[in-house]
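What follows is each chain in one-letter form.
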Amino acid sequence: AALFLKEDDGLAPAAFDRLSLEWHQARAKALQAHLTENGFAGVWLSDPMNIIYFTGLFHTTTERPFSVFLPADKLATIWFHPGLDRDLVKSWWATETESYFDFPHGEGAFPNLGKVQQGENVNLFEWTMKGLKKRGYDGKRIATDRELGSRQKDTAAKVFLKPTEFESIADHCEKMRMVKTPEELALWRRAYRVFDETHAFARDLLLAKGTDLTDYQLSMAATEFGTDLLMKGIKRDGAP
């Protein structure tokens, strides 16, 4: 701990616990400008990193397809998600939502709504494309953050009556995530302060105890120290 350097770079650590919804919406607006400039009607995001960055909804990837569509002409989120994530989606920023029960999903089966029946497995990519079609994106130019496979392209061609173009802007999304805003840098400074103090605690403990200390004891002590340090600064008010 005695080796800590004086912070004289003018970058104060963030006082907030997470980036605000307004920050994420500002990044979505910046993406919308790129979409409009390049003739896209909207972007369909399925990469968890992009979903988190442009909407602020922290989603853990499972085998269940989860995605969001951002129109180019209005600040809105159209979610396509499993029933498991209903509360996660609706308690955050959700303009419109469509959900399926689980993966695999049986046609018309929604046990949570009392509809218990056996049906054919639903192609959830096709289901999502139908959701875009009924919202007027038939024949439009749609951006994605993944390259569509040949089967997906065939499925999309079957769903859309008019020629509908899909083009990946994954590189642009990645570049936006790479260039940090002042808010991100401030939050990183706060996080790294916790890491630095935890790291110093662990090194000092090792210097004090030497080989009398096991890896397990060092790991547990550092985890407890870091967790306590982190939780001291977090406002636990029930908010996301």
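This text follows the structure it describes.
Thresholds applied
- Residues numbered from 1 in each chain as written.
- Predicted model: local features only at pLDDT ≥ 70, side-chain atom pairs only at ≥ 80, totals over all residues.
- Heavy atoms only, no water.
- Axes fitted to C-alpha atoms, helices over the stretch in contact; angles between N-to-C directions.
- Helix = DSSP H or I, 4+ residues; strand = E, 2+ residues; numbered from the N terminus.
- Parallel < 35°, antiparallel > 145°, perpendicular 65-115°, else oblique.
- Left-handed = near helix turned anticlockwise from the far one by under 90°.
- Contact = heavy atoms within 4.5 Å.
- Nonpolar A, V, L, I, M, F, W, Y, C, P; charged D, E, K, R; others polar.
- Patch = residues over 30% accessible without salt bridge, like charges linked within 9 Å, V, L, I, M, F, W, Y side chains within 5 Å.
- Areas by Shrake-Rupley, 256 points an atom, 1.4 Å probe, with all protein chains shown as cover.
- Salt bridge = Lys/Arg side-chain N within 4 Å of Asp/Glu carboxyl O.
- Buried < 20%, exposed > 50% of the residue type's maximum accessible area, 1.4 Å probe, protein only.
- Pairing = 2+ DSSP bridges.

> Would you take a moment to explain the packing of helix H4 (residues 124-137) against helix H5 (residues 150-159) for this structure?
When two helices pack together, their arrangement is given by the angle between the helix axes and the distance between those axes. Where H4 contacts H5, the axes come no closer than 10 Å and their chain directions differ by 40°. By the angle between their directions, the pair H4 and H5 is classed as oblique. The handedness of the crossing between H4 and H5 is right-handed. Counting all contacts with H4, which are made through Phe125, Glu126, Met129, Lys130 and Lys133, the residues of H5 involved are Gln152, Thr155, Ala156, Lys158 and Val159. A breakdown of the residues in the contact of H4 with H5 according to their chemical character gives 4 nonpolar, 2 polar and 4 charged.

> Explanation requested: a nonpolar patch on the surface in the structure shown.
Taken together, the side chains of Leu185, Trp188, Tyr192 and Phe195 present a nonpolar region at the surface, about 450 Å² in accessible area. Take Leu185: it is sitting in helix H7 (residues 182-209). Given a relative accessible area of 36%, Leu185 falls into the partly exposed group.

> Which parts of the structure should I look at to understand the packing of H7 against helix H8 (residues 215-233)?
The N-to-C vectors of H7 and H8 enclose an angle of 150°; their axes lie 9 Å apart at closest approach. Classified by the angle between their axes, H7 and H8 sit roughly antiparallel to one another. Considering only the axes of H7 and H8, their crossing is right-handed. Every residue of H8 that contacts H7 at Arg190, Val194, Glu197, Thr198, Phe201, Ala202 and Leu205 is listed here: Leu218, Ala221, Ala222, Phe225, Gly226, Leu229, Leu230 and Gly233. Taken together, the residues that form the contact of H7 with H8 break down as 10 nonpolar, 3 polar and 2 charged.

> Is there a simple way to think about the pairing of strand E2 (residues 67-71) in this case?
For a regular strand, side-chain orientation follows a simple rule: the groups alternate between the two sheet faces. In terms of residue burial, E2 counts as a mostly covered element, since 5 of its 5 residues are buried. Here E2 shows two buried faces, one formed by Ser67, Phe69 and Pro71 and the other by Val68 and Leu70. For strand E1 (residues 42-45) and E2, the ladder comprises 4 bridges, and the chain directions are antiparallel. Note that in E2 the partner of Leu45 across the bridge is Val68. Counting the residues in the hairpin turn of E2 and strand E3 (residues 78-82) gives 6 residues.

> Where do I start with the pattern of salt bridges in this structure?
Side-chain pairing between opposite charges can occur once the charged atoms of the two side chains come close. In total, this model carries 12 salt bridges according to the counting rule given. Across the pair Arg64 and Glu63 runs a salt bridge whose closest N-O atoms are separated by 3.7 Å. Classification of Glu63 by relative accessible area gives partly exposed; the value is 47%. Arg64 is the partner of Asp102 in a salt bridge, and the nearest nitrogen-oxygen pair spans 2.7 Å. Note that Asp102 is positioned in the loop between strand E4 (96-100) and H4 and Arg64 in the loop between helix H2 (48-55) and E2, a separation of 38 residues in sequence. The exposure class assigned to Asp102 is partly exposed, which follows from its relative accessible area of 25%. It is possible to trace a salt-bridge network through shared partners that takes in Glu96, Glu98, Lys134 and Arg135.

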